[in-house]
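Chains, contacts and geometry: an overview
The chain contents come next:
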Amino acid sequence: MNIKKNIILTGFMGTGKTYTGRALARRLGTNFIDTDALIEKEAGIPISEIFEKFGETRFRELEREVVKRVSAEKGMVIAVGGGAIVNPDNLAALKRNGLIINLTASPEVILSRVERNSDRPLLQVEDKVGKIKELLEKRAPYYEKADITVNTDGKTTEQVAEEILRIVSSKP
Ligand code: S3P
């Protein structure tokens, strides 16, 4: 399939944006961009360290700049960090050339996917599932602005990629 627009993967931490994005790009024979990976590469330090040293505000500035740049691409699969589309400028930029796909999962599944690693600064708290639920509720109105929502609970990466391809190919 030849895609003209970008396919943008958004959704909460642990919904599989990066894995799904890689699988989708491979199937489509196109490139995959992960904005978090790009931010880390350019900053030369992991995201957890950006938060620690410079704070979330600085991270959001770097994110905005990277989102603006990747939004100019065409025909790519792009995964953005879970908080990116909370900023209306980011959402508008991504929408201009892209179809926004929101990946979802239940708080328990999200917890099981993220609890082993310490690379999510927003989830370094005692009550992780409580924090996940609180953030999910706060972000729901933003994630709802996506064009398509795909639930990932109990599905493999390949199944999710397959489902997205089916939906995308049925769109005019
Ligand atoms: C964030 C999600 C992370 C990363 C940063 C902030 C968020 O990306 O951008 O830690 O605000 O939800 P993933 O969704 O890829 O984990």
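Look a little higher up for the structure.
Attention in this report is confined to the structure presented alongside it. All residue numbers here refer to positions counted from 1 along the written sequence of the relevant chain. Local features in this predicted model are restricted to residues whose pLDDT is 70 or higher, and side-chain atom pairs enter the listing and the counts only when it is 80 or higher, whereas totals over whole chains, interfaces and linings include all residues. To obtain the side-chain values, all non-hydrogen atoms of the structure were used and water was disregarded.

Right, let's talk about the environment of Leu 9 for a bit. Starting at the N terminus, helices and strands are each numbered in turn, a helix being any DSSP run of H or I of at least four residues and a strand any DSSP run of E of at least two. Mapping Leu 9 onto the fold places it in strand 1 (residues 6–11). When a residue's accessible area, from a 1.4 Å probe over protein chains only, is under 20% of the maximum for its type it is buried; when over 50% it is exposed; and in between it is partly exposed. The buried category is assigned to Leu 9, whose relative accessible area is 0%. It is 8.6 Å that separates the C-alpha atoms of Leu 9 and Leu 99, two residues lying 90 residues apart in sequence. Whether two residues touch is decided by their heavy atoms; if any such pair falls within 4.5 Å, the residues are in contact. Setting aside anything within four residues of it in sequence, one finds Leu 9 in contact with Lys 17, Thr 20, Gly 21, Leu 24, Val 77, Ile 78, Ala 79, Val 80, Ile 101 and Ile 164.

If even one non-hydrogen atom of a residue comes within 4 Å of a molecule or strand, that residue is called near it. Lining the immediate environment of the ligand, one finds 13 residues, of which Lys 17, Asp 36, Arg 60, Arg 120 and Arg 139 sit closest. N or O atoms closer than or at 3.5 Å make up a polar contact, with two conditions inside protein: a donor-capable atom paired with an acceptor-capable one, and, for residues adjacent in sequence, both atoms drawn from side chains. Separating an oxygen atom of the ligand from a side-chain N or O atom of Lys 17 is a distance of 2.7 Å. In the model, an oxygen atom of the ligand is placed 2.7 Å from a nitrogen or oxygen of the Arg 60 side chain. Throughout, the Shrake-Rupley method with a 1.4 Å probe supplies accessible areas, and for residues the shown protein chains are the sole cover considered. With the chains in place, 94% of the 390 Å² that the ligand exposes on its own is no longer accessible. Examining the composition of the shell around the ligand, we find that three residues originate from one element, helix 3 (residues 47–70), more than from any other. Across the shell around the ligand, the residue classes tally to five nonpolar, three polar and five charged. Classification convention: Asp, Glu, Lys, Arg as charged; Ala, Val, Leu, Ile, Met, Phe, Trp, Tyr, Cys, Pro as nonpolar; all other residues, Gly among them, as polar.

Before going further, it helps to spend a moment on the environment of Ala 92. Among the structural elements, Ala 92 can be located in helix 4 (residues 88–97). Ala 92 gets classed as partly exposed once you look at its relative accessible area, which sits at 39%. In this structure, the C-alpha to C-alpha distance between Ala 92 and Val 66, residues 26 residues apart in sequence, is 14 Å.

A pair of strands is considered paired only if DSSP assigns at least 2 bridges between the two. With parallel pairing, the five strands of this open sheet are ordered in space as 2-3-1-4-5. Strands at the two margins of the open sheet, each flanked by one partner only, are strand 2 (32–34) and strand 5 (148–151). The average undirected angle you get between the axes of adjacent strands in this sheet is 25 degrees. The sheet contact formed by strand 1 and strand 3 (residues 77–79) spans three bridges and is parallel. Following the sheet pairing, Ile 7 is matched in strand 3 by Val 77. Note on geometry: axes are C-alpha line fits, over the in-contact stretch for helices, and angles between N-to-C directions span 0 to 180 degrees. Together, strand 1, strand 2, strand 3 and strand 4 (98–104) form the strand contacts of helix 1 (residues 17–28), whose direction differs from that of strand 1 by roughly 165 degrees. Here helix 2 (residues 35–43) sits on the sheet in contact with strand 2 and strand 3, set at roughly 65 degrees to strand 2.

Moving on to the environment of Asn 97. Relative to the helices and strands, Asn 97 is located in helix 4. For the pair Asn 97 and Ile 8, spaced 89 residues apart in sequence, the C-alpha separation works out to 9.4 Å. Contacts of Asn 97, omitting those with residues within four sequence positions, involve Lys 5, Asn 6, Ser 71, Ala 72, Glu 73 and Lys 74.

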